[in-house]
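# Reading the structure
Each chain, letter by letter, is given below.
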Amino acid sequence: MEIELKYRIPTPDVADDIWNDKLFFSFEEEDSREELCFIARYFDTENCDLAKNDMAYRVRKEGCRWVATLKWKGHSEGALHTREEVSVPVKDDVPDPTVFGESEMGAVLEDIVGDRELTGIIETRFLRRRFRIDTGTGIFEMSVDQGMIMTPYGEEPISEVEIELFSGDTEELQELGKKLCGEYDLEKEEESKYSRGIKMIKANRK
């Protein structure tokens, strides 16, 4: 399960300030800072059958490697986002539902898709700056993302910070979020990048 907090960043200057801040310096894992260019494509059938079943199929280039991810049972409450997911390394961005064959949800995906063609409906391109936080009781990853969400109907900017829970509990995750928001007065981001793209598609297909 993926559990993370998302907050909107108002300006590029604030994004840089967050990245350069020593707010979590005492907990930061040594040599964990990195900057990667991410290109992600979300696939669905022509009738958006996966979206109708609360599923998202993404293939993302993370630096030099491709990773396919299947997400389902997405839920958000304020800044807190939770969802089930499974990821597998792949060689390219060609959609292939069989790559999730070892997962129970892989069979569900194949059943929903059937013999219908999967096409790219949403693309995101963004720079991710990230580092890990180890408090001794939990491990987290903080990411500053800046880029664009692109659909056939338009584009929206990405400017957000995420804190993802790797191990530990959500209470400590929430405390880290409060600390960050207290420093920068950030707004909660209640929608994922994928959800924002789907909203654009729905608004233009009415």
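Quantities reported herein were computed from a predicted structural model and do not represent experimental measurements. (Residues numbered from 1 in each chain as written. Predicted model: local features only at pLDDT ≥ 70, side-chain atom pairs only at ≥ 80, totals over all residues. Heavy atoms only, no water.)

### Digging into the overall build of the chain
Quick reminder of the rule: We count a stretch as a helix when DSSP gives it H or I for four or more residues in a row; a strand needs E for two or more, and each element gets its number in order from the N terminus. The quantity called the radius of gyration is restricted to C-alpha atoms. Its globule counterpart is 2.2 Å times the number of residues to the power 0.38. Under the scheme applied here, a residue whose accessible area is under 20% of the maximum for its type counts as buried, over 50% as exposed, and between as partly exposed, the area being computed with a 1.4 Å probe on protein chains only.
Helices and strands together make up the secondary structure of the chain, namely five helices and nine strands. The N-to-C order of helical and strand elements in the chain reads β-α-β-α-β-β-β-α-β-β-β-α-β-α. Over its C-alpha trace the chain gives a radius of gyration of 17 Å, about what one expects of a compact globule, namely 17 Å for 206 residues. Once the C-alpha set of the chain is aligned to its principal axes, its extents read approximately 50 × 35 × 30 Å. By residue count, 48% of the 206 residues in the chain fall in the buried class.

### A few points about the side chain of D44
For the record, the criterion: For the purpose of charge, His is not counted, nor are the chain termini; Lys and Arg are scored as positive and Asp and Glu as negative. Salt bridge, as used here, is a side-chain nitrogen of Lys or Arg placed within 4 Å of a carboxyl oxygen of Asp or Glu. The term polar contact refers here to a pair of N or O atoms within 3.5 Å; inside protein, the definition further demands a hydrogen-donor-capable atom paired with an acceptor-capable atom, and it admits residues adjacent in sequence only when both atoms are side-chain atoms. By definition in these notes, contact holds between two residues if any of their heavy atoms fall within 4.5 Å.
Within the element layout of this structure, D44 appears in strand 2 (residues 34-44). Of the side chains with opposite charge, R116 lies nearest to the buried D44, which makes no salt bridge, at 7.6 Å. A distance of 3.1 Å separates a polar atom in the side chain of D44 from the backbone nitrogen of D49. A distance of 3.0 Å separates a polar atom in the side chain of D44 from the backbone nitrogen of A51. Ignoring anything within four residues of it in the chain, the contact list for D44 reads D49, L50, A51, E117, L118, T119, I121 and Y194.

### Concerning the nonpolar core
As a reminder, the rule being used: By nonpolar core is meant a set of buried Ala, Val, Leu, Ile, Met, Phe, Trp, Tyr and Cys residues that side-chain atoms within 4.5 Å join together.
I18, F24, M142, V161, L173, L180 and L186 are the most contacted members of the largest nonpolar core, which has 26 residues in total. Elements that contribute at least two residues to this core include exactly strand 1 (2-8), helix 1 (12-20), strand 6 (119-134), strand 7 (139-151), strand 8 (154-167) and helix 4 (170-184). At five residues, the largest contribution of residues to this core is made by helix 4. With sequence-adjacent residues up to four places away left out, L186 is seen in contact with Y7, R8, P10, V14, I18, V161, L180 and C181.

### Observations concerning the pairing of strand 7
Defined as follows: Any two strands with at least two DSSP bridges between them are considered paired.
With 12 bridges joining them, strand 6 and strand 7 adopt antiparallel strand pairing. Note that in strand 7 the partner of R130 across the bridge is S143. The turn linking strand 6 back onto strand 7 is made up of four residues, and G136 within it adopts a positive phi angle of 100°. Pairing of strand 7 with strand 8, which is carried by 13 bridges, proceeds in the antiparallel orientation. In the strand pairing of strand 8, D145 is matched with E160. Linking two consecutive strands that pair antiparallel, namely strand 7 and strand 8, is a turn of two residues.

### Observations concerning the side chain of E160
Summarising the element assignment, E160 is placed in strand 8. Using a relative accessible area of 1% as the deciding quantity, one classes E160 as buried. Looking at E160, its side chain comes within polar contact range of the side chain of K193, at 2.5 Å. Aside from chain neighbours lying at most four places away, what touches E160 is K6, Y7, R8, I9, S143, V144, D145, E189, K193 and R196.

### Things to note about the confidence of the model for the chain
Going by this rule: Residue-level confidence of the predictor, termed pLDDT, takes values from 0 up to 100.
Of the residues in the chain, 100% reach a pLDDT of 70 or more, and the chain-wide mean stands at 95. For the chain, per-element mean pLDDT is lowest for helix 5 (residues 193-205), which scores 91, and highest for strand 7, which scores 98.

### Here we look at the state of the cysteines
Note the threshold: Any pair of cysteine sulfurs within 2.5 Å is marked as a disulfide.
Within the structure shown, the criterion is met by zero disulfides. Note on C37: no disulfide assigned, nearest cysteine sulfur contributed by C64 at a separation of 10 Å.

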